[in-house]
Amino acid sequence: MRERWRAAAAAAAVGLALIAWPVLPGQPARAAAPETVAAAECDVLAPGASAAAEKAVRTACSQVGVWYSWGGGHGPAPGPTYGVVDPTDPASEHDPERRGFDCSGLVRYAYAEATGRDILNGTAHSQYNTPHATARFGAGEGIGPLVPGDLVVYGNARKVHHIAIYVGAGKMVEARQSGTRITVSDVRLGGDYFGAVRVNGSPGQGTFSTWGTDVWTHTEASTTSGRVHKFAGPTSVRIACQKHAQSVTAEGITNDAWSYLPDYRAWITNIYIKGPAWLDGVPTCR
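Just so you know, these numbers come straight off a predicted model, no measurement behind them.

Definitions and cut-offs
Residues numbered from 1 in each chain as written. Predicted model: local features only at pLDDT ≥ 70, side-chain atom pairs only at ≥ 80, totals over all residues. Heavy atoms only, no water. Helix = DSSP H or I, 4+ residues; strand = E, 2+ residues; numbered from the N terminus. Expected span 1.5 Å × (residues − 1). Buried < 20%, exposed > 50% of the residue type's maximum accessible area, 1.4 Å probe, protein only. Pairing = 2+ DSSP bridges. 1 Å grid on protein atoms, 1.4 Å probe; cavity = no way out; pocket = protein on both sides within 12 Å on 5 of 7 lines; lining within 4 Å. Points joined across faces, edges and corners; volume = space filled by probe spheres on them. Phe/Tyr/Trp six-rings, centres within 6.5 Å; stacked < 30°, edge-to-face > 60°. Lys NZ or Arg CZ within 6 Å of the ring centre and 35° of its normal.

## Examining helix α4 (residues 103-115)
1) Next: Between its first and last C-alpha, α4 extends 19 Å over 13 residues, near the 18 Å set by a 1.5 Å rise per residue.
2) Next: Among the 13 residues of α4, 11 are classified as buried, and the element is accordingly described as predominantly covered.
3) Next: Those residues of α4 lying buried are Cys103, Ser104, Gly105, Leu106, Val107, Arg108, Tyr109, Ala110, Tyr111, Ala112 and Ala114.
4) Next: Trailing α4 by a residue or two, Gly116 shows a phi angle of about 80 degrees, which is positive.

This is the structure in structure tokens:
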């Protein structure tokens, strides 16, 4: 009962903070509510983004102050919806009463408004692995190569669990967790920051699908070279070119063809690409 009273008191305090109280003579002006400050900071804060990416940023910014709601934004069409209870998070008990977005619901809505197509309908993990990717950046690259509209992600190759939209100047707009509202935050580097992906409105040229589970890509067209990225399951990938290199035997198949994945800056044996041993329509690497 005491915890519920505290929650109610906190909610009342937030409501009072949002009231525009008049400033009487001799009194200092009140500080703006956190949501107001965040909204003022939320915009395209750096150059280099495409027109669609800039529109996605501004669409997400227009939702600052809206409730986070677990499962919100995943209705038949992009847009805010009432959420559901997350059985692992007691803070989500009121999400069915809150119309809003979870992290991937916000990203879905922002890019649907920006492109006119529902191109990112799915979880944070599937959004990171979208065939609409045009570039990917590892955690070690930090925010240096990012431009507004890039999607920053947290987790690992097996499971991306959080996604947000970079706005520039080291900041991102995000729907973070139950009990909070959509806001602008500093990009949290370190921890389980996994990197970022840049998306376009249409699938990249030469898009194919991998198959199998726990399939590694490599720095060179050889299984003895360094590992780069692991596909936990079937994933849409963009292939720039292919070449004959090390012969590999796996899954009862032998093949010496390898494909270069520009979004991952890595090679994968064609054994794990759906299609013939030598892919149709893919040029030979020079």
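There is more to say, and it comes next.
## Points about the sheet that holds strand β2 (residues 81-82)
1) Next: Sheet architecture is open: three strands sit in the order β1-β3-β2, paired in mixed fashion. The open sheet has two free edges, formed respectively by β1 (67-68) and β2, since each of these has just one partner strand.
2) Next: Inspection of the sheet shows β1 paired to strand β3 (residues 99-101) by two bridges, in the parallel sense. Its bridge partner lying in β3, Trp67 is registered against Gly100.

## As for empty space enclosed by the protein
1) Next: Throughout the structure, instances matching the rule amount to one cavity of 30 Å³ or more.
2) Next: Lining the largest cavity are Thr130, Pro131, Ala133, Arg136, Ser236, Val237, Arg238, Asp263 and Tyr264.
3) Next: Elements represented by at least two residues in the lining of the largest cavity include exactly β4 (133-138) and β13 (236-238).

## Overview of the packing of aromatic side chains
1) Next: Within this structure, the stated rule accounts for six aromatic pairs.
2) Next: Taking the centre distance of 5.5 Å and the plane angle of 65 degrees together, the rings of Tyr128 and Phe194 count as edge-to-face. You can see Tyr128 sitting in helix α5 (residues 124-128) and its partner Phe194 sitting in strand β9 (residues 193-199), a full 66 residues away along the chain. Across the pair, Phe194 and Tyr128 agree in class, each one buried.
3) Next: In this structure, Arg98 packs its charged tip against the face of Trp67, placed 3.9 Å from the ring centre.
4) Next: For the cation-ring pair, Arg188 lies above Tyr154, with the distance from its terminal atom to the ring centre recorded as 5.3 Å.

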